[in-house]
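# Descriptive structure summary
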Amino acid sequence: MAPSNDTNFKNFTPYAPKKGEEYMSDEQRAHFKAMLQNWRSELMQEVDRTVSHMKDEAANFPDPADRATQEEEFSLELRTRDRERKLIRKIDQTIERIEQDDYGFCDACGVEIGIKRLEARPTAELCIDCKTLAEIKEKQERG
């Protein structure tokens, strides 16, 4: 089973804003909410598949090398699922922001994040400029 990527959502049609449409209109918020709900659903299905897979594949191999291989595979799957669990929590928080009408604007400077950026990363909380600055600062702090 290949590990999932946090940008693994695909089933959406890009939003085409209407001329003169206000940023984060009801239609835009509904678009992103549906996107996030579909993404969450895909991740939850993957979690269910992992649980089933681990139950089906669990075996008590007499050979220590076979046991070690299986344990390593399970360990990798569990790490991936842990990342996805954290992502599901972030998706839930983002859906809550949409419902509270607090979505689509940069947490640092308040400007519009932009539809294209949000479609690329629907859980984005920073505009591209603030995110770039944050990454530069992080690199400098790590040395």
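For the structure, check the block above.
Residues numbered from 1 in each chain as written. Predicted model: local features only at pLDDT ≥ 70, side-chain atom pairs only at ≥ 80, totals over all residues. Heavy atoms only, no water.

### Side note on the overall build of the protein chain
Note the threshold: Only DSSP runs of H or I covering at least 4 residues are called helices, and only runs of E covering at least 2 are called strands; the numbering of each starts at the N terminus. Computation of the radius of gyration draws on C-alpha atoms, with the globule rule given as 2.2 Å multiplied by the number of residues to the power 0.38. Here, residues are in contact when the closest pair of their heavy atoms is within 4.5 Å. Surface exposure here means Shrake-Rupley accessible area, sampled with a 1.4 Å probe, where a residue is shielded only by the protein chains that are shown. Positive charge is attributed to Lys and Arg, negative charge to Asp and Glu, and no charge count is given to His or to the chain ends. Taken as the charge location is NZ of Lys, CZ of Arg, CG of Asp or CD of Glu.
The helix and strand tally for the protein chain stands at four helices and zero strands. Listed by position from the N terminus, the elements making up the protein chain come as α-α-α-α. Against the 2.2 N^0.38 benchmark of 15 Å for 143 residues, the protein chain shows a C-alpha radius of gyration of 19 Å, more extended than a compact globule. If you take every contact in the protein chain between residues at least 6 apart in sequence, the share linking residues at least 24 apart comes to 60%. In the form shown here, the protein chain has an accessible surface area of approximately 9600 Å², with 50% of it arising from carbon and sulfur atoms. A gap of 3 Å separates the mean positions of the 24 positive and 31 negative side-chain charges of the protein chain.

### Thoughts on the pattern of salt bridges
To keep it simple, the criterion reads: The term salt bridge refers to a pairing of a side-chain nitrogen on Lys or Arg with a carboxyl oxygen on Asp or Glu at a separation within 4 Å. For the exposure calls, accessible area comes from a 1.4 Å probe over protein chains only, and a residue counts as buried if that area is under 20% of its type's maximum, exposed if over 50%, partly exposed in between.
Scanning the entire structure with this criterion turns up 13 salt bridges. In this structure, the salt-bridge partner of Asp-82 is Arg-85, at a minimum N-O distance of 2.4 Å. Of this pair, Asp-82 and Arg-85 both sit in helix α2 (residues 64-99), three residues apart, which is roughly one turn of that helix. Looking at Arg-85, the relative accessible area reads 42%, which means it is partly exposed. Between Glu-138 and Arg-142 there is a salt bridge whose closest N-O contact spans 3.5 Å. Of the two residues, Glu-138 and Arg-142 both sit in helix α4 (residues 128-142), four residues apart, roughly one turn of that helix. Judged by relative accessible area, Arg-142 falls into the exposed class, the value being 62%.

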